[in-house]
Amino acid sequence: MTRRSLLLFGLGVSCALFGCATVQPSARVSPKLLIEFGWDEPDTAFMRRHIAQMERSPFDGCVFHINYAKPDGTPGQFLWEAWSTRAFTEAELQPASADLKATQFARFTHNFLRFNTVPGDVDWFDDFSAIQSNARLAAQVAREGHAVGILFDVEQYKAPLFDYRKQRDAGARSWGAYAAQARRRGREVMEAFQQGYPDLTIFLTFGYGVVWLESKSGKRPLADCEYGLLAPFLDGMVEAASGRTRLVDGYELAYFHNKDTAAFAAAYRTVKETLLPIVADPAKYRRLVSVGFGLWMDFDSKARGWDGVDASKNFYTPDEFETSVRKALEIADEYVWIYTEIPRWWSPEGKPVNLPEAYADVLHRIRQAPAP
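The rules behind the values
Residues numbered from 1 in each chain as written. Predicted model: local features only at pLDDT ≥ 70, side-chain atom pairs only at ≥ 80, totals over all residues. Heavy atoms only, no water. Helix = DSSP H or I, 4+ residues; strand = E, 2+ residues; numbered from the N terminus. Polar contact = N/O pair within 3.5 Å; in protein donor to acceptor, adjacent residues only side chain to side chain. Contact = heavy atoms within 4.5 Å. Buried < 20%, exposed > 50% of the residue type's maximum accessible area, 1.4 Å probe, protein only. Lys, Arg positive; Asp, Glu negative; His and termini not counted. Salt bridge = Lys/Arg side-chain N within 4 Å of Asp/Glu carboxyl O. Pairing = 2+ DSSP bridges. Axes fitted to C-alpha atoms, helices over the stretch in contact; angles between N-to-C directions. Core = buried A, V, L, I, M, F, W, Y, C linked by side-chain atoms within 4.5 Å. Phe/Tyr/Trp six-rings, centres within 6.5 Å; stacked < 30°, edge-to-face > 60°.

Chemist: Could you clarify how one ought to interpret the side chain of T340 in this entry?
Modeler: On the secondary structure map, T340 appears in the loop between β11 (335-339) and α13 (357-368). Here P343 takes part through its backbone oxygen, which lies 3.3 Å from a polar atom of the side chain of T340. Those residues in contact with T340 that sit more than four places away from it in its chain are E36, F37, G38, W39, D40, M297, D298 and W345.

Chemist: I keep staring at the side chain of K284 and nothing clicks. Help me out?
Modeler: Looking at the element boundaries, K284 is found in helix α10 (residues 282-288). Buried charged residue K284 carries no salt bridge. Nearest counter-charge: D281, at 5.9 Å. At 2.9 Å, the side chain of K284 and the backbone oxygen of E239 are in polar contact. The residues contacting K284, other than those within four sequence positions of it, are V238, E239, A240 and A241.

Chemist: For this particular structure, what's the right way to read the sheet that holds strand β7 (residues 201-204)?
Modeler: In sheet architecture, strand pairing relies on hydrogen bonds along the backbone and comes in two forms, parallel and antiparallel. In spatial order, the strands read β9-β8-β7-β6-β5-β2-β1-β11-β10; together these nine strands make up an open sheet with parallel pairing. With partners counted over all chains shown, the strands left at the sheet margins are β9 (289-291) and β10 (293-296), one partner each. On average, adjacent strands in this sheet sit at an angle of 30° to one another, irrespective of strand direction. The sheet contact formed by strand β5 (residues 112-116) and strand β6 (residues 149-153) spans five bridges and is parallel. Within β6, the position partnered with F115 by the bridge is F152.

Chemist: Could you clarify how one ought to interpret the environment of L34 in this entry?
Modeler: In this structure, L34 sits in strand β1 (residues 33-36). Residue classification places L34 among the buried residues on the basis of a relative accessible area of 2%. Measuring from C-alpha to C-alpha, the distance between L34 and R367 comes to 8.2 Å, with 333 residues separating the pair along the chain. Excluding anything up to four places from it in sequence, L34 contacts P58, F59, D60, G61, V325, L329, V336, I338, L363 and R367.

Chemist: In this structure, what is going on with the pairing of strand β2 (residues 61-64)? I would like to understand it.
Modeler: Side chains on a regular strand alternate between the two faces of the sheet. Burial of the side chains of β2 extends over both faces: G61 and V63 are buried on one face and C62 and F64 on the other. As defined by bridge partners, β1 adjoins β2 across two bridges and the pair is classed as parallel. Across the sheet, residue I35 finds its bridge partner in β2, namely G61. Summarising the sheet, β2 and β5 pair through two bridges and their orientation is parallel. Looking at the pairing, F64 lines up with L113 of β5.

Chemist: What is the right way to look at the pattern of salt bridges in this model?
Modeler: Pairs may arise between side chains of opposite charge once their charged atoms sit close together. Scanning all chains against the criterion turns up 23 salt bridges. Of the charged contacts in the structure, one is a salt bridge between E41 and R114, with a shortest N-O distance of 2.8 Å. Of this pair, E41 sits in the loop between β1 and α3 (44-54) while R114 is found in strand β5, placing the two residues 73 residues apart along the sequence. Among the ionic pairs, D99 bridges to R48, the shortest N-O distance being 3.2 Å. With D99 in helix α4 (residues 90-102) and R48 in helix α3, this pair connects stretches of sequence that are 51 residues apart. Shared partners join several salt bridges into a network, and the residues in it are D123, D126, R168, D169 and R173.

Chemist: Sorry if this is basic, but what is going on with the nonpolar core here?
Modeler: The tendency in soluble globular proteins is for nonpolar side chains to be buried as a group. F152, F193, F233 and F293 are the most contacted members of the largest nonpolar core, which totals 123 residues. Those residues in contact with F233 that sit more than four places away from it in its chain are W83, W124, F152, F162, A182, R183, R185, G186 and V189.

Chemist: I tried to follow the packing of aromatic side chains on my own but got confused; where do I start?
Modeler: When we look at a pair of aromatic rings, we describe it by the centre distance and by the angle of the planes. Throughout the structure, instances matching the rule amount to 44 aromatic pairs. When the centroid spacing of 6.4 Å and the interplanar angle of 80° are considered together, the rings of F59 and W346 count as edge-to-face. You can see F59 sitting in the loop between α3 and β2 and its partner W346 sitting in the loop between β11 and α13, a full 287 residues away along the chain. Each member of the pair, F59 as well as W346, carries the same accessibility label: buried. Judged by centre distance (5.4 Å) and plane angle (35°), the ring pair of W306 and Y359 falls under tilted. Taken as a pair, W306 in the loop between α11 (301-304) and α12 (318-331) and Y359 in helix α13 lie far apart in primary sequence, 53 residues in all. Comparing W306 with Y359 shows no difference in burial state: the two are buried.

Purely spatial values, then, with no claim about function.
Structure below.
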């Protein structure tokens, strides 16, 4: 499901689907935290050079990625190559690790290293040793660089990794066989993350909630869902979680709440309670999971447009954005993340780009207020 198809899918999400009963979060954490994750996502070298600029922004941390040097000297991006048969070495990622160790973090204390499920060109029954090694190495770099953990982006950017109908051997192997194998791989990946970083936080862009909605609240077989195999994969991760390891469900579908602040409480109830029929170990899952929300500040800006000067012309005016962020922080257990495509919170020039100052003012004001 691409970002655009997620958009079309998410537009069908409503309080009528969730049921909009009031819910009280069961695991409040104070203070609540704002994370930046958008198309201005920095690499470790950018963070090292520009951390002072970044820490003037209203965030408590950000999602970042690792670059490495290919044999011919050209740059490569670890996050777009790690879910494959290619095993990276510590030496290849050492410059990124050195950047993090040398960065003088002060206020940015909640950073997450991004790890994608791409290119996704490995069948669930193939050799997963390279993926396990890369997950372990990513977590190690995150730990040594004083990050909180891993941003695990499970979106199917390049291959239908979680769609049983499109698996290589779907004609010869049953849904049950593939689901069992996906669960095994979930255990292995979680174990690898924890080997590299015991007691880490794994921040999912989305979790079981997408599967629950796609399955029409459990009425449609997971075998017929585009993200059906994500559920058993997450079952494996939950099963293998140990110590103080935590899972944050970032609930990307909150992008599509579209100013409907009542939807946050409904979504919280969905993640914590309603979707439990598709979770293998509901009791452990509820203990493990922290509910967060993603807000798309320049919502669908490619189609709707974005005005970097006159904020009143944008989908969210600053006042409307403030209302949504405050409600998201009130309901979330700990994290709310802000996603943008066109505006940039930081740049090599040392300043925001295409970003009306009023949006930063809103978030600064929220951060200075007492925690919900």
